[in-house]
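Fold and contact review
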Amino acid sequence: MNIMTQHTILNATHRALGAKMVDFGGWDMPLNYGSQIEEHHLVRRDAGMFDVSHMTVVDLTGPRVREFLRHLLANNVDKLKVSGKALYTCMLNERGGVIDDLIVYFLSEDFFRLVVNAATREKDVAWITKQAGKFDVAVTERPELSMIAVQGPNAREKALGLFTPATRAKAEKLGKFSATEGDGLFIARTGYTGEDGFEIVVPESQAVELWNALLAAGVKPAGLGARDTLRLEAGMNLYGQDMDEDITPFEAGLAWTVSLDAGRDFIGRAVLDQQKADGAKRAMVGLVFDDKGVLRHGQRVVTALGDGEILSGSFSPTLGKSIAFARVPTGTAEKAEVDIRGKLVAVRVVKYPFVRDGKPCEGV
Amino acid sequence: MNEIPGDLKFLKTHEWARVEDSGRVTVGISDHAQAQLGDLVYVELPEVGDRVEAGTASAVVESVKAASDVYSPVSGEVVAVNSALADKPETINEDAYGEGWVFVVKPDDAAADLEEMLDPDAYAELIENDSH
């Protein structure tokens with residue numbers, strides 16, 4: 001157990017920029033650099049950057065790596081046919097519960113890359129290593145790699161200007177959810193904000209230089225506070241809050257990431273097959289509160305079909321009111337109530353995402 | 001950190017009180033408190049005419065991060081509330097000791113209540129120790 005607070009290579013840079021720092025999964029990370037609401041709007045309207053170096057890059061190599069990932073992951077890596085293509089997926093335990101959610105990149109038939117959450121790093125690597133033995137796959141953590149996410153409608157344009165012409169040409173034509181390499185960087189058109197942009201994996205030795213170059217190109221820093229409200233508006237789950245090892249993807253709004261294709265025996269599949277046949281008893285829904293107050297994690301949700309609870313809940317800067325994910329009895333429709341500090345208030349049950357392309361979604 | 005005005009008194013729970021020339025007491029939250037809470041998004045005010053008791057929750061400030069009760073430092077009757085905060089709660093983030101005041105009380109016995117409070121130096125020491 002590592003009880004030391006960990007620092008990314010950008011820690012001193014954040015402090016010099018006036019960041020308010022917080023502990024996040026054992027890492028000392030910037031919460032905001034002044035106003036998290038301003039940082040949120042900046043990413044929705046222009047461009048912002050996040051230090052996400054606390055996330056873990058795990059490289060998997062060996063001739064049977066694709067076969068291994070077919071077994072390890074609930075989504076099917078056979079969807080990845082072109083080098084650089086990425087897939088979002090859950091990694092499940094035998095009970096169908098989510099050990100972590102992650103992005104897997106296909107680089108070559110003997111080389112796939114995973115990017116996993118910070119707080120789950122140790123258990124993820126232990127689990128992957130345990131499963132990998134049977135497939136002779138080598139599991140290599142890459143702690144010497146940092147990661148900077150540049151997000152927003154103008155993010156790509158601002159980042160592209162920093163690359164050499166050859167790298168720029170490759171990065172410019174990247175499709176969504178694809179990655180390329182150049183200038184010593186691994187550049188992926190992915191993110192956790194609902195905006196376009198890049199997540200750039202950079203050697204620790206070059207990270208401060210890249211951060212400062214982005215800053216000079218007009219990309220302002222944004223902290224974990226803005227990152228949380230951005231991803232919630234965009235309808236993206238947060239591991240540990242919206243799902244964990246006792247929750248299946250079907251109960252966490254992640255059915256779209258599960259591939260129950262014939263003949264593929266992935267870990268947790270038996271439980272998911274059964275749950276699909278029986279119907280999951282709980283479902284994740286979106287909530288909107290139109291009055292004053294903020295929906296928060298752990299609050300009780302009262303529905304006609306029984307109680308549920310708020311998972312991620314916060315104030316939505318784009319909508320100017322509070323939104324949340326809740327896990328409620330399957331079939332809950334339209335209306336519910338939430339216990340906010342001892343008072344039951346009416347909320348609307350909606351489909352999410354709440355915000356797309358910087359605009360409120362219909363019905364929200 | 002802003003300079004703490006010398007005419008304020010503080011509760012350990014980070015509310016400030018200022019005795020006006022009229023004898024009425026203006027109440028707000030400290031600059032340290034707003035910084036800890038982060039961007040404020042809602043303020044729930046008492047109503048003019050409400051009775052408040054020293055040390056009891058009389059308003060709520062809610063940030064993106066958390067909801068927090070505001071305790072009245074003095075007992076008495078609420079004679080004014082800062083209704084501009086309904087539309088612009090961020091005023092507290094911007095000017096906690098000025099435009100970001102929350103409510104004004106006509107105190108029963110301000111002297112007795114204020115006696116219990118911290119002066120600016122003692123409060124500065126408290127938050128200094130807080131951050132270690």
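Residues numbered from 1 in each chain as written. Chains lettered and ligands numbered in written order. Predicted model: local features only at pLDDT ≥ 70, side-chain atom pairs only at ≥ 80, totals over all residues. Heavy atoms only, no water.

Structural notes on the overall build of chain A
Counted only if it meets this: The helix and strand labels rest on DSSP assignments: H or I over at least four residues marks a helix, E over at least two residues marks a strand, and numbering proceeds from the N terminus. Radius of gyration here uses only the C-alpha atoms, and the compact-globule reference equals 2.2 Å multiplied by the residue count raised to the power 0.38. Classification of residues uses two cut-offs on accessible area relative to the type maximum, computed with a 1.4 Å probe and protein chains only: under 20% is buried, over 50% is exposed, and between them is partly exposed. Any two residues whose heavy atoms approach within 4.5 Å at even a single point are treated as in contact. Only the protein chains shown count as covering a residue, and every accessible area follows the Shrake-Rupley method with a 1.4 Å probe.
When helices and strands are counted, chain A shows nine helices and 21 strands. Compactness check: chain A gives a C-alpha radius of gyration of 20 Å against a globular reference of 21 Å for 364 residues, within 12% of the reference. Judged by the C-alpha coordinates and their principal axes, chain A covers about 60 × 50 × 40 Å. Residues counted as buried form 57% of the 364 residues belonging to chain A. Expressed as a percentage of contacts within chain A between residues at least 6 apart in sequence, the contacts between residues at least 24 apart total 65%. Surface exposure of chain A reaches about 15,100 Å², of which carbon and sulfur atoms provide 53%.

Overview of the pairing of strand β19 (residues 343-350) of chain A
Residues and elements named next belong to chain A. Defined as follows: Paired strands are those between which DSSP finds at least two bridges.
Note: strand β14 (residues 282-289) against β19, three bridges, orientation antiparallel. From the neighbouring strand, Gly 286 faces β19, where its bridge partner is Val 350. Here strand β18 (residues 335-340) runs beside β19; their pairing, made up of six bridges, is antiparallel. Within β19, the residue paired with Glu 337 across the bridge is Ala 346. A loop of two residues connects β18 with β19, the two strands running antiparallel in sequence, and Arg 341 in this loop sits at a positive phi of about 45°.

Topic: the sheet that holds strand β5 (residues 86-92) of chain A
Paired through backbone hydrogen bonds, the strands of a sheet run either parallel or antiparallel to each other. All names here are of chain A. Applicable threshold: Lines fitted to the C-alpha atoms define the axes, with helices restricted to the stretch that makes contact. Angles between their N-to-C directions range from 0 to 180 degrees.
Strand order across the open sheet formed by five strands is β5-β6-β7-β4-β8, with antiparallel pairing between neighbours. The strands lining the two open edges of the sheet, one partner per strand, are β5 and β8 (138-141). When the angles between neighbouring strand axes are averaged without regard to direction, this sheet yields 30°. On top of the sheet, helix α3 (residues 65-72) reaches β4 (56-61), β5, β6 (98-108) and β7 (111-116); it is set at about 35° to β7, its chief contact.

Focus on the nonpolar core
The nonpolar side chains of a soluble globular protein tend to be buried, and buried together. Stated formally: What we call a nonpolar core is a set of buried Ala, Val, Leu, Ile, Met, Phe, Trp, Tyr and Cys residues that are connected through their side-chain atoms within 4.5 Å.
If you look at the biggest cluster of nonpolar residues, it comprises 35 residues, and the most contacted ones within it are A:Phe50, A:Leu92, A:Tyr105, A:Met147, A:Phe186 and A:Met243. Looking at this core, the elements with two or more residues in it are β5, β6, β9 (145-151), β11 (185-188) and α8 (224-233) of chain A.

A few points about the packing of α3(A) against helix α4 (residues 121-132) of chain A
Residue and element names in this part refer to chain A. For clarity, the threshold we go by: With respect to orientation, any angle under 35 degrees is reported as roughly parallel, any angle over 145 as roughly antiparallel, any angle of 65 to 115 as roughly perpendicular, and every other angle as oblique. Should the near helix be turned anticlockwise from the far one by less than a right angle, the crossing is left-handed, and should it be turned clockwise, the crossing is right-handed. Side-chain classes follow a simple rule in which Ala, Val, Leu, Ile, Met, Phe, Trp, Tyr, Cys and Pro form the nonpolar group, Asp, Glu, Lys and Arg form the charged group, and the remainder, Gly included, forms the polar group.
Between α3 and α4, whose axes approach to 11 Å, the crossing angle comes to 120°. Between α3 and α4, the angle is such that the two are oblique. Crossing hand, α3 versus α4: right-handed. Residues Phe 68, His 71 and Leu 72 of α3 pack against Trp 127, Ile 128, Gln 131 and Ala 132 of α4. Here the residues of the contact of α3 with α4 are counted per class, giving five nonpolar, two polar and no charged.

Here we look at the pairing of strand β2 (residues 27-32) of chain A
Each regular strand shows side chains that alternate between the opposite faces of the sheet. Residue and element names in this part refer to chain A. Extensive coverage of β2 is indicated by the burial of six of its six residues. Pairing geometry for strand β1 (residues 20-24) and β2, over five bridges, is antiparallel. For Lys 20, the partnering residue across the bridge sits in β2 and is Asn 32. Two successive antiparallel strands, β1 and β2, enclose a turn made up of two residues, where Gly 25 displays a positive phi of approximately 55°.

A look at the interface of chain B and chain A
By a widespread convention, an interface's size corresponds to the accessible area lost as its parts come together. Selection criterion: Two parts placed together each lose some accessible area under a 1.4 Å probe, and adding up what both lose gives the buried area. What counts as a salt bridge is simple: a side-chain nitrogen of Lys or Arg found within 4 Å of a carboxyl oxygen of Asp or Glu. N or O atoms closer than or at 3.5 Å make up a polar contact, with two conditions inside protein: a donor-capable atom paired with an acceptor-capable one, and, for residues adjacent in sequence, both atoms drawn from side chains.
Counting from both sides, the interface comprises 14 residues of chain B and, opposite them, 17 residues of chain A. When chain B packs against chain A, close to 1,300 Å² is buried across both sides, 46% of that on carbon and sulfur atoms. Among the residues chain B hides against chain A, the three largest losses belong to B:Asp39, B:Tyr42 and B:Val64. Together they make up 50% of the total. The salt bridge involving A:Arg296 is made with B:Glu62; its shortest N-O contact spans 3.0 Å. Along the contact surface separating chain B from chain A lie ten residue pairs in polar contact (both at pLDDT 80 or more). For the side of chain B that touches chain A, the secondary structure elements donating two or more residues are α1 (31-37), β4 (40-44), β6 (57-63) and β7 (67-71) of chain B. Of the residues forming the side of chain B that touches chain A, the biggest block, three residues, is contributed by β6(B).

Section: the confidence of the model for chain B
For clarity, the cut-off: Think of pLDDT as the predictor's per-residue confidence, scored from 0 to 100.
On average, residues of chain B score 94 in pLDDT, and 97% of them reach the 70 mark or higher. Under the prediction, the complex receives an ipTM of 0.85, its pTM being 0.94.

Describing the packing of aromatic side chains
Which entries qualify depends on this criterion: Aromatic pairs are defined between Phe, Tyr and Trp rings, using the six-membered ring for Trp, whenever the two ring centres lie within 6.5 Å; interplanar angles under 30 degrees are classed as stacked, those over 60 as edge-to-face, and all others as tilted. Note on geometry: a ring has a charge over it if NZ (lysine) or CZ (arginine) is within 6 Å of the ring centre and within 35 degrees of the ring normal.
Evaluation of the coordinates by the stated rule reveals twelve aromatic pairs over all chains. Ring plane angle 50° and centroid distance 6.4 Å describe the contact between A:Phe163 and A:Phe198, whose orientation is recorded as tilted. Taken together, the residues span a long stretch of sequence, with A:Phe163 in the loop between α5 (155-160) and α6 (165-172) and A:Phe198 in strand β12 (residues 197-203) at a distance of 35 residues. Relative accessible area serves as the criterion here: at 8%, A:Phe163 is assigned to the buried category. Through a chain of ring-to-ring contacts, the aromatic side chains of B:Phe10, B:Trp16, B:Tyr97 and B:Tyr123 assemble into a single cluster. Lying across the ring of A:Phe106, A:Arg66 places its NZ or CZ 4.7 Å from the centre.

Looking at the packing of helix α2 (residues 36-45) of chain A against α8(A)
Residue and element names in this part refer to chain A. In contact at an axis separation of 8 Å, α2 and α8 are set at 50° when each is read in the N-to-C sense. When the axis of α2 is compared with that of α8, the two are oblique. The interaxial crossing formed by α2 with α8 has right-handed handedness. On α8, the residues touching Gln 36, Glu 39, His 40, Val 43 and Arg 44 of α2 are Gly 225, Ala 226, Thr 229, Leu 230 and Glu 233. In terms of residue class, the contact of α2 with α8 is built from three nonpolar, four polar and three charged.

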